Amino acid sequence: MSSICAMRSLLAASTFLRSGASRLRPLSLAPPFRLNLSRPSLGAVRPVSAAAVDKSRGGGGSGMEGRPSHPGEIHVIVGPMFAGKTTALLRRVQVEAGTGRNVALIKSDKDNRYGLDSVVTHDGTKVACWALPELSSFQDKLGTEAYDKVDVIGIDEAQFFDDLHDFCCKAADRDGKIVVVAGLDGDYKRNKFGSVLDIIPLADSVTKLTARCELCGRRAFFTLRKTRETKTELIGGADVYMPRRRRTSADADAVTAAATRDPSPWESLHEDLLELIAWRVLAGDDHLRDYVRFRAVCPHWRSSTTCPRGRGIVDRRFHPRRWMLLPEGHGLYPGHGKLRGFVRFFNLSTGAFVRVHLPLFRDHCVLDSVDGILLLQRDHDTAIRLLHPFTGDIMDFPPLETLLSKRRRRTSADADAAAATRDPSPWESLHEDLLELIAWRVLAGDDHLRDYVRFRAVCSHWRSSTTCPRGRGIVDRRFHPRRWMLLPEGHGLYPGHGKLRGFVRFFNLSTGAFVRVHLPLFRDHCVLDSVDGILLLQRDHDTAIRLLHPFTGDIMDFPPLETLLRYVSSKLVGDKWDYLRRIGAASINVSADQVVSLMMWSRGMVQVAFATSGEREWRVSSWYFNQIFSPLPFQGKLYMVRPHQTYGEPEILRIDPPQLEGTEPWLPPPTLIAKCPANTPDSDNRVLYCLVECDSEILVIALSSGVHKKNSVYRLADFVLGRRTIQVTNIGGNAIFIGKRNLNKGQIRFQGLLPASWRVKGKWRSGCAFFGFSTYSPKAHHS
Ligand SMILES: Nc1ncnc2c1ncn2[C@@H]1O[C@H](COP(=O)(O)OP(=O)(O)O)[C@@H](O)[C@H]1O
Ligand SMILES: Cc1cn([C@H]2C[C@H](O)[C@@H](COP(=O)(O)O)O2)c(=O)[nH]c1=O
């Protein structure tokens, strides 16, 4: 039993969908758009249903019968690409259609990205439309009778219509139509695009939407073209364009300069591209030196990228992670007179040395090094200072001495109190700081929560000297019941089943211990996932997502799942709720000021949802992905594999927790942290990579699907360092569970490959891997 030390609470992170769950689901929503105007079939013009004409508006008029009884309206939606213009346009016309009005959608026939018969958003929402070369042809195409019956005209990609101004005037002023226009206000050079701006003076309302910058996640007002193509009109999506934030005037000058002179091939690289490359450089092994070399290429490259000086400590990317201070030996400590202010650093990845002049060591001593940042103590006042050895940046913290004095004060106060009351027993008199230290150690163990409770139970002094987990079960990561999984009872007994009388059992993956807990909450909640042992529940009546610490009873509320329903791709067949409830991975993060945020990726979505506790609606990432594999939550972040469509290198991505500072929380785009070896077209073995957690690190499992199965295990850390050939030969008696997790009606289902043919250099290694399409009863397995 003790050998079952699974890599992650795989089983706990399972999906409980009780058999009667459908009864609890909100009614599935109507398809997003019910337009009264039937979609046009190509080449044929279909008339508008006369019954649907909104008489209250007078039905419009083509001008033949005179002016309409109702005035028209013009609403303009502008913004950069990916800002949600099309989404807003479709939402608007949906509302109009919902009131019984006849709606027609038009887009430019230049935009052939998704075919010509529909308007499609970047999320894949699709609505039938008329694709036209110019707007003036609309009435002819539709026929006068049908045109008269149209109440609302939606125009997408308005920047491509030269006759936009005339058409809007005519449609709204003469024919009494409501015209909703969506288009780019500016092109990739931030110049006005087409005649979208010309209709602003005609408009009843103007909405400027913003996107999220793909590089920094901040609000993006403009569109950046990623290619060197200079013609204004260039149809494309995320392959060619990305949203971009405002530049500083210095940056803008650099762009102008680059645009006005004849640039050398290198110097003309766009600043955004340079920033992108710089980011990549900063992810390397010797990232700081490479970054400095990179910036040294030319003034344009320098001015387009962030100077590390001054940001060495505050920007983690500049931390000299792999550099360590080299002990000189021969009694020569940093600051020793013989070193004349110089110290040497050594790069743990590349083996490179650098010699740095740091006279500061004369009156500072080194206490530690964090991410390569030195933690110094100043001699004269014991101030603690962080020093970036290469940028020279310094950050001051309080004197170390202040810790000493607090401890002294507490000691005497405690001693007085103790003496006044009684002669303490040897155990009870343990100093509270010592108790706190021991408690920390206890909390690092395998069965840490139970041990901690037992530890606190020793006496009231021990209890009062240590933190009570109740109330802090979710906000304090140390109290997360990491190794505990909810045990499937089998026999159709899902949590909340009447026969269980509110009890559920948990199983410790490290020790094999069981506990039985009374959680009547399950009566109207179902479990969607488990993160670090914290259960992710969905409340039946309002679909609210709630985190529950099963042992402390702490609960934290998140927005209803329902608010995410609109993000489930309309292309998916079947019940959207089923997709939405299939949580691929979720992760909990607690910020320094104890705000708890939850990130989750549901299999029905191409974005990652996130929210902080107490919020009313889920937010979604401004970016999306099409295909990901093996998502794994680890230490508050999400890791995943992006397989390559053909024979490129599959990528391992990391999603960091939502950024909560600033006006609106946002989710940074995924960071590429490593690449896996590519499959080769000539090999009959296709390798699939998946991620598992083992002994507090991530392993990359290469599953081979060919005739000659040869599965291998690697450390993600090695992949990150580009060492892709070093295999893990021993997983210390642990077991790996690979594949989809699904805990349904008491059965555990692992999907993967059979058999567990994991050998390294011809020898069977300790530890075992479970692959297989097997459905088995956990009871049988664990006995
Ligand atoms: N870089 C991106 N690539 C693809 N899709 C994106 C990107 N950034 C955002 N999106 C998605 O595009 C959606 C907006 O799509 P859409 O309404 O078609 O925008 P617009 O018409 O303004 O270009 C966003 O809600 C988001 O889900
Ligand atoms: C910035 C810019 C864009 N385009 C093209 C690219 C797309 O095909 C459309 C915009 O589509 P969206 O619905 O707003 O995403 O316009 C262009 O031709 N030139 C440009 O400078």
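The rules behind the values
Here the residue index of a chain counts from 1 through its sequence in written order. Here every chain gets a letter starting at A, and every ligand a number starting at 1, in the order they are written. Where totals are concerned, whole chains, interfaces and linings use all residues; where local detail is concerned, this predicted model gives features only for residues with pLDDT of at least 70, and gives and counts side-chain atom pairs only at 80 or more. Note that the side-chain values use all heavy atoms of the structure and ignore hydrogens as well as water. Strands here are runs of E lasting at least two residues and helices are runs of H or I lasting at least four, both read from the DSSP assignment and numbered beginning at the N terminus. Exposed residues in this analysis have more than 50% of their type's maximum accessible area, buried residues have under 20%, and partly exposed residues fall in between, with area computed by a 1.4 Å probe over protein chains only. Contacts were defined at the residue level, with two residues in contact if any of their heavy atoms lie within 4.5 Å. Note on areas: these come from Shrake-Rupley sampling with a 1.4 Å probe, and a residue is covered only by the protein chains present in the view. We call two strands paired when DSSP finds no fewer than two bridges between them. Here an axis means a line fitted to C-alpha atoms, over the contact stretch when the element is a helix, while the angle between two N-to-C directions is reported on a 0 to 180 degree scale. In these notes, residues near a molecule or strand are those with any non-hydrogen atom within 4 Å of it. Polar contact is defined as a pair of N or O atoms within 3.5 Å, subject to the rule that within protein one atom must be able to donate a hydrogen and the other to accept it, and that residues adjacent in sequence are counted only when both atoms are side-chain atoms. Residues are grouped as follows: Ala, Val, Leu, Ile, Met, Phe, Trp, Tyr, Cys and Pro are nonpolar; Asp, Glu, Lys and Arg are charged; all remaining types, including Gly, are polar. Stacked, tilted and edge-to-face pairs are distinguished by plane angle, under 30 degrees for stacked and over 60 for edge-to-face with tilted covering the rest, among Phe, Tyr and Trp rings (Trp via its six-membered ring) whose centres lie within 6.5 Å. Criterion for a charge above a ring: Arg CZ or Lys NZ at most 6 Å from the ring centre, at most 35 degrees from the ring normal. Salt bridge, as used here, is a side-chain nitrogen of Lys or Arg placed within 4 Å of a carboxyl oxygen of Asp or Glu. As used in this record, nonpolar core signifies buried Ala, Val, Leu, Ile, Met, Phe, Trp, Tyr and Cys residues forming a set joined through side-chain atoms within 4.5 Å. Roughly parallel means an angle under 35 degrees; roughly antiparallel, over 145; roughly perpendicular, 65 to 115; everything else is oblique. Think of it as the arc spanned by the lines of direction from the helix axis to the C-beta atoms. Note on scores: pLDDT gives the predictor's confidence for each residue, bounded by 0 and 100.

Caption draft 1: Up close: the overall build of the chain. What the chain contains, in helices and strands, is 15 helices and 44 strands. The proportion of buried residues among the 783 residues of the chain is 49%. Looking at the chain alone, contacts between residues at least 24 apart form 57% of all its contacts between residues at least 6 apart. For the chain, the exposed surface amounts to about 37,100 Å²; the carbon and sulfur share of it is 53%.

Caption draft 2: Broad picture of the sheet that holds strand β13 (residues 323-325). The sheet built from three strands is open, its strands ordered β13-β14-β15 with antiparallel pairing. Edge positions in the sheet fall to β13 and β15 (353-357), since each of these pairs with one other strand and no more. Averaged over all neighbouring strand pairs, the angle between strand axes comes to 35°, with direction disregarded. Sheet analysis places strand β14 (residues 342-347) next to β15, joined by five bridges and oriented antiparallel. By the bridge assignment for β15, Arg-344 is matched with Arg-355.

Caption draft 3: Region of the structure containing the site of ligand 2. Surrounding ligand 2, one finds 20 residues, the nearest of these being His-122, Glu-157, Tyr-188, Thr-232 and Leu-234. A distance of 2.8 Å is found between an oxygen atom of ligand 2 and a backbone nitrogen or oxygen belonging to Tyr-188. The contact in question runs from a nitrogen atom of ligand 2 to an N or O atom on the side chain of Tyr-241, over 3.3 Å. Here ligand 2 has 490 Å² of accessible area as a free molecule, and 98% of this is covered by the chains. Looking at side-chain class alone, the shell around ligand 2 contains eight nonpolar, six polar and six charged residues.

Caption draft 4: Geometry of the packing of aromatic side chains. Applying the stated rule across the entire model yields 18 aromatic pairs. Their ring planes at 75° and their centres at 6.0 Å tell us that Phe-138 and Tyr-147 sit as a pair that is edge-to-face. Tyr-147 shares its class with Phe-138; the two are buried. Look at Phe-507 and Phe-514: their rings are 5.1 Å apart centre to centre, the planes differ by 45°, and that puts the pair in the tilted class. Of the aromatic side chains, those joined through ring pairs into one cluster are Trp-130, Phe-138, Tyr-147 and Phe-167. Sitting above the plane of the Phe-342 ring, Arg-355 keeps its charged end 4.0 Å from the centroid. Positioned above the aromatic ring of Phe-479, the side-chain terminus of Arg-478 is 5.4 Å from the ring centre.

Caption draft 5: Geometry of the pattern of salt bridges. Across all of its chains, the model carries 29 salt bridges by this definition. Arg-539 serves as the salt-bridge partner of Asp-542, at 2.7 Å between the closest nitrogen and oxygen. Of the residues examined, Arg-539 reaches a relative accessible area of 17% and is grouped as buried. Across the pair Asp-718 and Arg-723 runs a salt bridge whose closest N-O atoms are separated by 3.1 Å. For Asp-718, a relative accessible area of 9% gives the class buried. Connected through shared salt-bridge partners, Arg-92, Glu-96 and Arg-101 make up one network.

Caption draft 6: Summary view of the nonpolar core. Judged by nonpolar contacts, the single largest core of 30 residues is most densely connected at Leu-547 and Met-600. Mapped by element, the contributors of at least two residues to this core are β23 (525-531), β24 (534-539), β25 (544-548), β26 (555-560), α13 (576-581), β27 (583-590), β28 (596-602) and β29 (609-612). In terms of residue count, the dominant contributor to this core is β27 (four residues). Ignoring any residue separated from it by four or fewer positions in sequence, one finds Met-600 in contact with Leu-536, Ile-545, Leu-561, Leu-564, Ile-583, Ala-585, Ala-586, Val-608, Ala-609 and Trp-618.

Caption draft 7: Focus on the packing of helix α6 (residues 271-281) against helix α7 (residues 287-295). Close contact between α6 and α7 brings their axes to 9 Å; oriented N to C, the two are set at 155°. Here α6 is positioned roughly antiparallel relative to α7, judged by the angle of their axes. Residues Leu-274, Ile-277, Ala-278 and Val-281 of α6 form the contact with α7, whose own contacting residues are His-287, Asp-290, Tyr-291 and Phe-294. Grouping the constituent residues of the contact of α6 with α7 by class yields six nonpolar, one polar and one charged.

Caption draft 8: Main features of the sheet that holds β28. Judged by pairing direction, the sheet is antiparallel, and its four strands sit side by side in the order β27-β28-β29-β30 without closing on themselves. At either margin of the open sheet sits one strand with a lone partner, and together these are β27 and β30 (619-620).

Caption draft 9: Layout of helix α4 (residues 164-174). Of all the positions in α4, only Leu-164, Phe-167, Cys-168, Ala-171 and Ala-172 are classed as buried. Buried residues of α4 fall within an arc of 105° about the axis and therefore sit on the same side. Once α4 finishes, Gly-176 follows within two positions and takes phi at roughly 70°, a positive value.

Caption draft 10: Just the packing of helix α10 (residues 432-442) against helix α11 (residues 448-456), in detail. Between α10 and α11, whose axes approach to 9 Å, the crossing angle comes to 155°. Relative to α11, the element α10 lies roughly antiparallel. Note on element contacts: α11 touches α10 through His-448, Asp-451, Tyr-452 and Phe-455, opposite Leu-435, Ile-438, Ala-439 and Val-442. In terms of residue class, the contact of α10 with α11 is made up of six nonpolar, one polar and one charged.

Caption draft 11: Representation of the pairing of strand β11 (residues 222-225). Residues Phe-222 and Leu-224 line one face of β11 and the alternating positions Thr-223 and Arg-225 line the opposite face, and both faces are buried. Inspection of the sheet shows β11 paired to strand β12 (residues 241-244) by four bridges, in the antiparallel sense. Residue Thr-223 lies in a different strand from β12, and its bridge partner there is Pro-243.

Caption draft 12: Quick peek at the environment of Phe-345. Position of Phe-345 relative to the elements: it lies in strand β14. We classify Phe-345 as buried; its relative accessible area is 1%.

Caption draft 13: Spatial organisation of unusual backbone geometry. Even without being a glycine, Arg-340 presents a positive backbone phi close to 45°. Mapping Arg-340 onto the fold places it in the loop between β13 and β14. Here Asp-532, not a glycine, exhibits a phi torsion of approximately 55°, which is positive. Following the sequence through the fold, Asp-532 ends up in the loop between β23 and β24.

Caption draft 14: Structural view of the environment of Ala-611. Looking at where Ala-611 falls in the secondary structure, it is placed in strand β29. You can call Ala-611 buried: its relative accessible area is 1%. Along the chain, Ala-611 and Ser-597 lie 14 residues apart, while their C-alpha atoms are 5.6 Å from each other. When near neighbours in sequence (up to four residues on either side) are disregarded, Ala-611 contacts Phe-558, Pro-559, Val-596, Ser-597, Leu-598, Glu-617 and Trp-618.

Caption draft 15: The arrangement of the confidence of the model for the chain in detail. Overall, the predicted model of the chain reaches an average pLDDT of 77, with 77% of residues at or above 70. Confidence drops under a pLDDT of 50 for residues 741-783, and excluding neighbours within four residues, the segment shows 118 contacts in the predicted structure. ipTM for the predicted complex: 0.97, alongside a pTM of 0.45.

Caption draft 16: Expanded view of the side chain of Ser-569. Note on placement: Ser-569 falls in the loop between β26 and α13. Polar contacts involving the side chain of Ser-569 include one to the main-chain amide nitrogen of Lys-571, which spans 3.1 Å. Leaving out residues up to four positions away in the same chain, Ser-569 has contacts with Lys-576 and Gly-604.

Caption draft 17: Spotlight on the environment of Ile-555. Its place among the elements puts Ile-555 in strand β26. The exposure class assigned to Ile-555 is partly exposed, which follows from its relative accessible area of 34%. A sequence separation of 82 residues divides Ile-555 from Gly-473, and the C-alpha atoms of the two residues are 8.7 Å apart.

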